[in-house]
Every structure is written in C-alpha cells, then in structure tokens.
Amino acid sequence: MNAHPTPVGAAADHADAVDVLSDLLAQQAQEIRRLSEELVASYEKEIRFFQNLESRDEQLKTQERTYLKKVWWLESELRKTREERDAAREERDAAREQWERTRASRTFRLQRRVWKLRKAVRSWR
C-alpha cells in the first residue's frame, strides 16, 4: 500500500472537489439570488403599504381640518345666535318693565279713566 496518492489520482480528486464546490457555490448563488428577489419584492410591498397608510393619514388629516373648521364656524354662529337671543330677551324684559311702570303710573290710570268715560259718553248717544 502506498501511503502517498499518485499525482494522477490526486489531480482527479482535486478536479472532482472543485467541480462539487463549484456546483455547490452555483446552487447557493441561485438560492441567494432567489431569496434577495423575494426580499426586494417584500420590501417593495411593505413600502407601498406604508405609502398608502401615509396617503390615507394625510387624507384623514385634511378631512379632520375641514370638519374642525365647520365645527368652529358652527360654534361661532351658535354663540352669535345666543348673544342675539339674549339681547332680544333683555330688550323684551326692558320693554315689559317699562310697560309695567307705565301701567302702574298715575298718569296711565287717569288716561284709562278718561278713555272709559269717553266710551261711556259715546254709548249714551
């Protein structure tokens, strides 16, 4: 038995090992290429998803700003309406108080008597 391989056998073993390693590297390169394409597709899908989220978020913010403007306008109109109502109530109450004071006055009572007397005199005719 020869402890050292022959140069021809060693070269053949070496060539086989290189072929096996070359095939293995080619398979791994294909697998890496396939996985990287999957990863790129996944990232692109994720990017589109987040772009859609950002777009929807911006639309919602725009809509919210529009609604807030409407709410502020409505609150302003409500405040104006309440102020006008309160002013009208105050005016009505002042007029009512004035009427009550006038009715309670001596002059008004005398004028009322005069009207009643005139009415009575007219009915005699």
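Procedures and definitions
Residues numbered from 1 in each chain as written. Predicted model: local features only at pLDDT ≥ 70, side-chain atom pairs only at ≥ 80, totals over all residues. Heavy atoms only, no water. Patch = residues over 30% accessible without salt bridge, like charges linked within 9 Å, V, L, I, M, F, W, Y side chains within 5 Å. Areas by Shrake-Rupley, 256 points an atom, 1.4 Å probe, with all protein chains shown as cover. Salt bridge = Lys/Arg side-chain N within 4 Å of Asp/Glu carboxyl O. Helix = DSSP H or I, 4+ residues; strand = E, 2+ residues; numbered from the N terminus. Phe/Tyr/Trp six-rings, centres within 6.5 Å; stacked < 30°, edge-to-face > 60°. Buried < 20%, exposed > 50% of the residue type's maximum accessible area, 1.4 Å probe, protein only.

Caption draft 1: Structural view of a nonpolar patch on the surface. Where nonpolar side chains cluster on the molecular surface, the patch consists of Leu39, Tyr43 and Ile47 and spans about 300 Å² of accessible area. Inspection of the secondary structure puts Ile47 in helix α1 (residues 7-104).

Caption draft 2: View of the packing of aromatic side chains. Per the counting criterion, the structure on display carries three aromatic pairs. Between Phe108 and Trp115, the ring centres sit 6.4 Å apart and the planes meet at 90°, which makes this aromatic pair edge-to-face. The partly exposed category is assigned to Trp115, whose relative accessible area is 45%. Taken together, the ring pairs in this structure connect Trp99, Phe108 and Trp115 into an aromatic cluster.

Caption draft 3: Up close: the pattern of salt bridges. With the rule as written, the count across this model stands at eight salt bridges. Arg34 is the partner of Glu38 in a salt bridge, and the nearest nitrogen-oxygen pair spans 2.4 Å. Here the residue Glu38 and the residue Arg34 both occupy positions in helix α1, the gap between them amounting to four residues, near one helical turn. In this structure Glu38 comes out as partly exposed when scored by relative accessible area, which is 45%. Judged by its relative accessible area of 37%, Arg34 is partly exposed. Asp86 is paired through a salt bridge with Arg85; the nearest N and O atoms lie 3.3 Å apart.

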